[in-house]
Amino acid sequence: MSALIKQDVYLKMECYQPVGSFKMRGMGALCQEFVDAGRTRLFSSSGGNAGYAIAYAGNKLGAEVTVVVPETTSDEVRQAIQAEGATVQIFGRNWNDAHEEAVRLAERENGGYIHPFDHPTVWQGNASMIEEAAAQIPAPDVILVSVGGGGLLCGVMEGLQRHPPWRDVDVVAVETEGADSLKRALAAGRLIRLEQITSIAVTLGVKQVAARALEWAQTPQVTTVTVSDLQAVTACQRFIDHHRVVVEPACGAPLSLVYENHPVLQSAGSILVIVCGGFGATPALLSRWKRELQAVSKKEGDNL
Ligand SMILES: *Cc1c(COP(=O)(O)O)cnc(C)c1O
């Protein structure tokens, strides 16, 4: 990738975490905090990488984990969560329903509710990736990071503040079109709620970002960029060819800026990409999404 755009590109391979994503860090930290405080029953409402990470972390910590997921969650995901010893409960039609149920259960059982992105301990856990990177490479000019609810962005920003030589590093926050809750909040100058998520990058499909993420995005240190689903998926496929590593479109989004030599990288000499990973993609799924996206864009072209 460095040769491709004639800049130094560094990859923080969060996809190599035991659960396939950086979620291990923040979710693990919050699970640990609850267990240390004597709560041995943990509840989550994520049918994605967060739920999987909580199941894994809870298992390692000897806690009992219940993951409430909406009806739409696939059997594959349910099985992966169950394989980590967690109980899967199906409730409601969408994440919001499942979330409310998980919060209710946590209260009733005096357990801990693990929020997937909006919690200071989650940000602190995620910040550890910058600590590690700072021990490995000199401060880059730019860090590329994707944004769903903004827990990853908050973690990266917190990590930067803790390491003075890295404090002023520019950060580019990348979303996909149709999951761009941060970019729209920035434009509105306040938190907004997307009516619906239309991106295939479901991992980034959070309707309202954390307030802290918006605050960071409002500082001059952070720039936001959106890319199309097709750009994100294409980047995932190129990443397989280059590195033999499969990641979700949520992670293809920041990678696509490098592959397309995006203008935002123009004056950067060195770039660090947070390869956030994700266990929800396979080469076959990526090919299918690509075909579907190309069919849609052809149809739209025909209608012009
Ligand atoms: C959760 C997740 C994101 C987004 O993180 P937020 O903290 O919600 O912004 C991006 N990529 C992957 C693979 C994820 O699991």
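Conventions and cut-offs
Along each chain, the written sequence defines residue order, and numbers are assigned to residues from 1. With the structure being a predicted model, the display of local features is reserved for residues of pLDDT at least 70 and the display and counting of side-chain atom pairs for 80 or more, all residues being used for whole-chain, interface and lining totals. Processing note: side-chain calculations cover all non-hydrogen atoms of the structure and skip hydrogens and water entirely. In DSSP terms, a helix is any run of H or I states spanning at least four residues, a strand is any run of E spanning at least two, and both are numbered starting from the N terminus. Computation of the radius of gyration draws on C-alpha atoms, with the globule rule given as 2.2 Å multiplied by the number of residues to the power 0.38. Residue burial is assigned from relative accessible area. The probe radius is 1.4 Å, only protein chains are included, and a residue is buried under 20% of its type maximum, exposed over 50%, and partly exposed in between. The contact rule is simple, with two residues in contact once any of their heavy atoms fall within 4.5 Å. Each accessible area is a Shrake-Rupley estimate made with a 1.4 Å probe; only the visible protein chains count as cover when residues are assessed. Counting rule for charge: Lys and Arg are taken as positive, Asp and Glu as negative, and neither His nor the chain ends is counted. Here the site of a charge means atom NZ of a Lys, CZ of an Arg, CG of an Asp or CD of a Glu. Here, a strand pair is defined by DSSP locating no fewer than two bridges between the strands. For helices, the fitted line uses only the C-alpha atoms of the stretch in contact; every axis is such a line through C-alpha atoms, and the angle between N-to-C directions lies from 0 to 180 degrees. The salt bridge definition used is simple: a Lys or Arg side-chain nitrogen within 4 Å of an Asp or Glu carboxyl oxygen.

Trainee: Describe the overall build of the protein chain, listing the residues and the values that go with them.
Mentor: Across its full length, the protein chain holds 12 helices and 9 strands. In terms of overall size, the protein chain behaves like a compact globule, its C-alpha atoms giving a radius of gyration of 19 Å where 304 residues would be expected to give roughly 19 Å. Projected onto the principal axes, the alpha-carbon positions of the protein chain cover approximately 55 × 50 × 40 Å. In the protein chain, which comprises 304 residues, the proportion classed as buried is 54%. Put simply, of all contacts in the protein chain between residues at least 6 apart along the chain, 71% involve residues at least 24 apart. As presented, the protein chain carries roughly 13,600 Å² of accessible surface, and 47% of it is formed by carbon and sulfur atoms. Here the protein chain holds 26 positive side-chain charges and 33 negative ones, and the gap between their average locations is 3 Å.

Trainee: Any details on the sheet that holds strand β5 (residues 112-113)? Residues and values, ideally.
Mentor: Spatial ordering of the open sheet is given by β4-β3-β2-β5, a layout of 4 strands whose pairing is parallel. Strands at the two margins of the open sheet, each flanked by one partner only, are β4 (87-90) and β5. With 4 bridges connecting them, strand β2 (residues 41-44) and strand β3 (residues 64-69) associate as parallel partners. Bridging from a neighbouring strand, R41 pairs with E64 of β3. Across the face of the sheet, helix α3 (residues 49-61) comes into contact with β2 and β3 while running at roughly 170 degrees to β3.

Trainee: Can you tell me about the pattern of salt bridges, naming the residues and giving the values?
Mentor: Scanning the entire structure with this criterion turns up 13 salt bridges. The salt bridge partner of E64 is R41, with a shortest N-O separation of 3.4 Å. In this pair, E64 is assigned in strand β3 and R41 in strand β2, connecting sequence segments 23 residues apart. Look at R41 and you get partly exposed, because its relative accessible area is 23%.

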